[in-house]
Amino acid sequence: MNKVLQFGLHSSKFLAVPLRRSLRFGSSIVSVSVRVVGTTSFNKRLMSNATTPFSINNNTKGKEMMKVAAATDHNCHKMVGSKDDQKEIEAMTVQELRATLRQAYAPFLCYCFAYNPKTMRLPPLPEGTKSVKIMTWNVNGLRALLKLESFSALQLAQRENFDVLCLQETKIQVKDVEEVKKALSDGYDHSFWSCSVSKLGYSGTAIISRIKPLSVRYGTGLSGSDHDMEGRIVTTEFDSFYLISTYVPNSGDGLKRLSYRIEEGDRTLSKYIKELEKTKPVVLTGDLNCAHEEIDIYNPAGNKRSAGFTIEERQSFRENFLDKGLVDTFRKQHPGVVGYTYWGYRHGTRKTNKGWRLDYFLVSESIVANVHDSYILPDINGSDHCPIGLILKL
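Residues numbered from 1 in each chain as written. Predicted model: local features only at pLDDT ≥ 70, side-chain atom pairs only at ≥ 80, totals over all residues. Heavy atoms only, no water.

An unreviewed UniProt entry annotates the protein as DNA-(apurinic or apyrimidinic site) endonuclease originating from Brassica rapa subsp. trilocularis. The record in UniProt for the protein states the following under Sequence similarities (unreviewed entry): "Belongs to the DNA repair enzymes AP/ExoA family." (UniProt positions renumbered as here; feature names shortened; annotations may be inferred.)

Chemist: How do you make sense of the packing of aromatic side chains when you look at a structure like this?
Modeler: For any pair of aromatic rings, the description rests on two quantities: the centre-to-centre distance and the angle between the ring planes. Tallied over the entire structure, the rule returns 6 aromatic pairs. Ring geometry for tyrosine 115 against phenylalanine 330: centres 5.3 Å apart, planes inclined by 70°, an arrangement best described as edge-to-face. Of this pair, tyrosine 115 sits in the loop between strand S5 (113-114) and helix H4 (117-120) while phenylalanine 330 is found in helix H11 (residues 329-333), placing the two residues 215 residues apart along the sequence. For tyrosine 115, a relative accessible area of 9% puts it in the buried group. When its relative accessible area of 4% is taken as the criterion, phenylalanine 330 is described as buried. (Phe/Tyr/Trp six-rings, centres within 6.5 Å; stacked < 30°, edge-to-face > 60°. Helix = DSSP H or I, 4+ residues; strand = E, 2+ residues; numbered from the N terminus. Buried < 20%, exposed > 50% of the residue type's maximum accessible area, 1.4 Å probe, protein only.)

Chemist: Which parts of the structure should I look at to understand unusual backbone geometry?
Modeler: Across residues other than glycine, the phi torsion is negative in most instances, and most of the peptide bonds are trans. For asparagine 161, which is not glycine, the phi torsion reads 50° and is therefore positive. By the secondary structure assignment, asparagine 161 is in the loop between helix H6 (153-160) and strand S7 (164-168). We classify asparagine 161 as partly exposed; its relative accessible area is 44%. One non-glycine residue with positive phi stands out, namely lysine 171, at about 60°.

Chemist: Whenever I open this one, the sheet that holds strand S6 (residues 131-138) confuses me. Can you help?
Modeler: Pairing between sheet strands relies on hydrogen bonds along the backbone, with the strands arranged either parallel or antiparallel. Strand order across the open sheet formed by 6 strands is S8-S9-S7-S6-S18-S17, with mixed pairing between neighbours. The open sheet is flanked by strand S8 (190-194) and strand S17 (371-376), the only strands paired with a single partner. For this sheet, the mean inter-axis angle between neighbouring strands, taken without regard to orientation, is 10°. Relative to strand S9 (residues 205-209), S7 runs antiparallel, the two being bridged by 5 bridges. Each residue of the ladder has a partner; that of glutamine 168, found in S9, is threonine 205. (Pairing = 2+ DSSP bridges. Axes fitted to C-alpha atoms, helices over the stretch in contact; angles between N-to-C directions.)

Chemist: How should I be thinking about the pattern of salt bridges in this particular structure?
Modeler: Opposite charge on two side chains allows them to pair when their charged atoms are near. Considering all chains together, one arrives at 23 salt bridges under this definition. A salt bridge links arginine 261 to aspartate 266, with the nearest nitrogen and oxygen atoms 3.3 Å apart. Accessibility classification places arginine 261 together with aspartate 266 in one group, the buried group. In this structure, glutamate 277 and lysine 274 form a salt bridge, with 2.9 Å as the shortest nitrogen-oxygen distance. Its relative accessible area of 22% is what places glutamate 277 among the partly exposed residues. Residue classification places lysine 274 among the partly exposed positions, given a relative accessible area of 34%. Three or more residues are tied together by salt bridges with common partners; here these are Arg121, Lys133, Arg159, Glu160 and Asp379. (Salt bridge = Lys/Arg side-chain N within 4 Å of Asp/Glu carboxyl O.)

Chemist: Would you take a moment to explain the side chain of aspartate 384 for this structure?
Modeler: Tracing the sequence through the fold places aspartate 384 in the loop between S17 and strand S18 (388-393). Arginine 350 provides the closest opposite charge to the buried, unpaired aspartate 384, separated from it by 7.3 Å. Setting aside anything within four residues of it in sequence, one finds aspartate 384 in contact with Asn140, Thr341, Tyr342, Trp343 and Tyr345. (Lys, Arg positive; Asp, Glu negative; His and termini not counted. Contact = heavy atoms within 4.5 Å.)

Chemist: Explain the sheet that holds strand S10 (residues 215-218) here, please?
Modeler: Sheet architecture is open: 6 strands sit in the order S10-S11-S12-S13-S16-S14, paired in mixed fashion. Edge positions in the sheet fall to S10 and strand S14 (326-328), since each of these pairs with one other strand and no more. Between one strand axis and the next, the sheet turns by 20° as a mean value, whatever way the strands run. Here 4 bridges tie S10 to strand S11 (residues 233-237), and the two strands are oriented antiparallel to one another. Paired with serine 215 across the two strands is glutamate 237, which belongs to S11. Strands S10, S11, strand S12 (242-247), strand S13 (282-287) and S14 of the sheet are contacted by helix H9 (residues 258-276), whose axis makes an angle of about 170° with S12. Of the strands in this sheet, S13, S14 and strand S16 (359-364) are in contact with helix H10 (residues 311-322), which crosses S16 at around 30°.

Chemist: Which parts of the structure should I look at to understand the confidence of the model for the protein?
Modeler: In low-pLDDT regions, the fine details of the predicted coordinates are not to be read closely. In this model, the protein carries a mean pLDDT of 78, and residues with pLDDT of at least 70 account for 70%. Across residues 1-81, confidence stays below pLDDT 50; counting only partners more than four residues off in sequence or on other chains, it has 213 contacts. The low-confidence segment residues 104-111, where pLDDT is below 50, has 28 contacts with residues more than four positions distant or belonging to other chains. (pLDDT = per-residue confidence, 0-100.)

Chemist: Looking at this model, I keep getting lost on the nonpolar core. Mind explaining?
Modeler: Side chains of nonpolar character tend, in soluble globular proteins, to be buried together. Counting 56 residues, the largest nonpolar core has Leu167, Trp193, Leu243 and Val283 as its most contacted members. Beyond its immediate stretch of four places on either side in the chain, valine 283 contacts Phe241, Tyr242, Leu243, Ile244, Phe361, Leu362, Val363, Ile367, Leu390 and Leu392. Grouped together as the second largest cluster of nonpolar side chains are 17 residues, Ile233, Phe317, Leu326 and Leu362 included. (Core = buried A, V, L, I, M, F, W, Y, C linked by side-chain atoms within 4.5 Å.)

Chemist: I tried to follow H10 on my own but got confused; where do I start?
Modeler: One turn of the α-helix equals 3.6 residues, which is why residues spaced by three or four share an orientation. Taking 1.5 Å per residue as the helical rise, H10 with its 12 residues ought to reach 16 Å, and the 15 Å between its terminal C-alpha atoms agrees with that figure. Taken together, the buried positions of H10 are occupied by Glu313, Arg314, Ser316, Phe317, Asn320 and Phe321. Burial along H10 is one-sided: seen end-on, the buried residues are contained in an arc of 160°. Its buried side turned inward, H10 meets H9, S13, S14 and S16. (Expected span 1.5 Å × (residues − 1). Arc of directions from axis to C-beta.)

Chemist: It is not clear to me how the pairing of S7 should be interpreted in this structure. Could you clarify?
Modeler: In regular strands, side chains alternate between the two faces of the sheet. Along S7, 5 of the 5 residues are buried, which leaves the element largely enclosed by surrounding structure. Looking at chain direction, S6 and S7 are connected through 5 bridges and run parallel. Within S7, the residue paired with asparagine 138 across the bridge is glutamine 168.

Right under this line is the structure:
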């Protein structure tokens, strides 16, 4: 029996995803394909822990198996077809349906609405509105990026007109800083660089700004911290907030640094943020090396013990940052949207969009209402990560 699973949504924006896979409902083997996936109400519903069953249309003649109602009232539609199949499907809770769909085709069936900056970035703020535009980018080697003929720092600055640019994994040494500064675009006269001293050509962070900060800090100030020795944190203080550019340690092959990352790294950074918040709100940005939820990674089932997606790292991310009052701005603005910021170089994963969301803007809860837009720029190449941006009203 050839049937179709279609998500019905109240949205003018949708993404057609031609997937097909068989799964079993009761006695029937069903060929499942996602035809149309919309946004907002369905995605919020699917990601929730709600237990109210969805409404289903079941057509045994092969044209349409069922529709999952996404209206807020979840009213039932008329039922057609096998009563046994109908009852089993209708009785499924959101959680059960989600699990069944993941079995059929993980990870797309649950979260199929892809982020598109052309249609999903918000319009500019009204003229005269005070705001700051911040971008962040793990460049995976700044000198190599600047040598690429296809990359122009000037063009990026002109296109995005950012006020502040945060960098991670610069991989430069202290002796390289002055030379690199010459390649920066005019107008960005204030730059601050933290370089690894424990391992040369490794890690490294920076903040480049056309706004002069009130103060600058390098590292957390904790003596002997690997974070500080590896150049993983730069903090600038502005009038109304602190900005932290950070490159959180990767747990590494075989998860060799997992215990350090969650027991020392995340906790140290969390404590540092709480100290800063005693005087001003904080914007934490950079490569946090964690895909926090299953929606944030292409293949969650196959990466349970991969660095960046272990249960330990995801729990640490939640406990040390989100539970401590920081808000994931992209996920708040796009609760059910797939948006990746990292793609491995092997197997052409960027072309097929098999990625991870590892780069974030987390902000103190006290200023989350000031966030105008949190966005991703997947079209900018030059690294295995892409830049992301934040527009914050002041």
